[in-house]
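Structural overview
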Amino acid sequence: MPVVVAGSPTQAAAAPDVPCPAVKPPVPPSAVSPPPPVGPADRAVGGAALATTGLAISTGTPMAPAVTATSWLVADLDSGAVLGGCGPHELRTPASVQKMLLCAALMPRLDPAQVVEVTRADLQDLDPASSLMGVVEGGRYSIESLWLGLLLRSGNDAANVLARVSGGAAGRPGGVQAMNDEAHRLRANQTHAATPSGLDGPGQYTSAYDLALIARATYAREDFRRYVATRVAEIPGKSGTPAFSITHDNTLLDHYPGTLGGKTGFTDLARQTYVGVAERHGRRLAVTLLGAETAPLGSLGEAAALLDWGFALSPDASVGRLVTPDDKKADRAVADVKGDRHGPTGDSSLLSFPVVLGLAAAVALAVLILAASWRRKAARRASAQTTQSFRSAADRAPSEP
């Protein structure tokens, strides 16, 4: 099916029924309940071409690779240009890529040198078979060590500790609320966290587009870039807690040239998910994908194929852009000015302060002149009435002898 061109020659709008190139997995995924629908306004964030459940790519560019992921997006991390996507705003279950939002929300709040103690509550609701950093109840660890455990080993235990410490008196729920507040600030409208780790929770969703916004926020931080690119980290022992080492589980770091780091995820509901960034010839591209299957390529192989496709495109090829929090402020400021400029009739003009001051002075002078004129007329009427009264009184008075 054709791709419909809109705007400049380098901008394209995909027709809603253009299917995404897809590979049928050897084993069909289990049926799941469909996610809630996305509203038209949220679909259009970043550009009208992204408001599609299907493919969004620039006309005349090579076709995107076929993958099993049910939604994906490739964007330039620096310019914010979206190079292409498949159902970019569709709601999907995130799995552990939700930890990227935890980083975006809590890294600015927590001192990496702070040492915290792990509680029983941090660990009691975790499956021992799930991804864990390996902290123990009563163990004391620095915040920096917990960030490394979160990103290198996808530690659900580290996520719980970080959320609980950041949440203060509200505990872990306070940390999750901070994640949702940060998603709102970033304009990641399809993202809602129910757990800090990305383990499945009620109403927990994200989108390929939102994950690109979150990736852009995290990769803007030097500490995050350093943590996520670490291959091996030594976690020191403290107060009787044994030391141990952890190794990064993202194999693209050593197998895809230019990889700056990434985050994998998997649950039975979410399937395979991935967010990663790579650099080539001075361009940093982010790839996000959701709902991928383990075969034939898996999420890492599909991410590599999408990155290759993105790097082959012209930097001018764009179907939209990654919005920023400042865009929202500008939108609000424009709306406020328009509201001031247009009254109920829609044709009044916004006047400058000197003009308003001059008009006020003119009105005041006119009032004073009218008041003086009224007083003079009133005085003349009063004088006339007084004279008439004297005359009437004189007519009624008796003559002198």
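Please refer to the structure placed before this passage.
The model shown is predicted, which means the values in this text are computed figures rather than measured ones.

Bringing the state of the cysteines into the picture now. Per the stated rule, a full pass over the model turns up one disulfide. Across the disulfide, cysteine 20 is cross-linked to cysteine 86 (sulfur-sulfur distance 2.1 Å). Classification of the bridge connecting cysteine 20 and cysteine 86 rests on its S-S torsion, roughly 105 degrees, and on that basis the disulfide is right-handed. Placement of the pair is cysteine 20 in the loop between β2 (12-13) and α1 (40-43) and cysteine 86 in strand β5 (residues 81-86), with a sequence separation of 66 residues.

Before going further, it helps to examine the pairing of strand β8 (residues 232-235). Of the two faces of β8, only the one carrying Ala233 and Ile235 is buried; Val232 and Glu234 on the other face are not. In this structure, β8 lies alongside strand β9 (residues 244-247), joined through four bridges in antiparallel fashion. Bridge pairing in β9 links valine 232 to threonine 247.

A few words on the pattern of salt bridges. Following the criterion strictly, the structure yields 13 salt bridges and no others. The partner of glutamate 293 in a salt bridge is arginine 271, with the nearest N and O atoms 3.1 Å apart. On the criterion of sequence distance, the pair formed by glutamate 293 in the loop between β12 (283-292) and α10 (298-312) and arginine 271 in strand β11 (residues 271-280) is long-range, its members being 22 residues apart. Salt bridges sharing partners connect three or more residues here, namely Glu144, Glu222 and Arg226.

With that settled, consider the packing of helix α2 (residues 99-106) against helix α5 (residues 156-166). Between two packed helices, the angle of one axis relative to the other and the distance separating the axes together describe the packing. Where α2 meets α5, the axes come as close as 11 Å, and the angle between the chain directions of the two elements is 30 degrees. Regarding the angle of α2 to α5, the classification is roughly parallel. Between α2 and α5 lies a crossing whose hand is left-handed. Contacts from Lys99, Leu102 and Leu106 of α2 reach α5 at Asn156, Ala159, Leu162, Ala163 and Ser166. Taken together, the residues that form the contact of α2 with α5 break down as five nonpolar, two polar and one charged.

Here is what the cut-offs are and how they apply
- Residues numbered from 1 in each chain as written.
- Predicted model: local features only at pLDDT ≥ 70, side-chain atom pairs only at ≥ 80, totals over all residues.
- Heavy atoms only, no water.
- Disulfide = S-S within 2.5 Å.
- Helix = DSSP H or I, 4+ residues; strand = E, 2+ residues; numbered from the N terminus.
- Buried < 20%, exposed > 50% of the residue type's maximum accessible area, 1.4 Å probe, protein only.
- Pairing = 2+ DSSP bridges.
- Salt bridge = Lys/Arg side-chain N within 4 Å of Asp/Glu carboxyl O.
- Axes fitted to C-alpha atoms, helices over the stretch in contact; angles between N-to-C directions.
- Parallel < 35°, antiparallel > 145°, perpendicular 65-115°, else oblique.
- Left-handed = near helix turned anticlockwise from the far one by under 90°.
- Contact = heavy atoms within 4.5 Å.
- Nonpolar A, V, L, I, M, F, W, Y, C, P; charged D, E, K, R; others polar.

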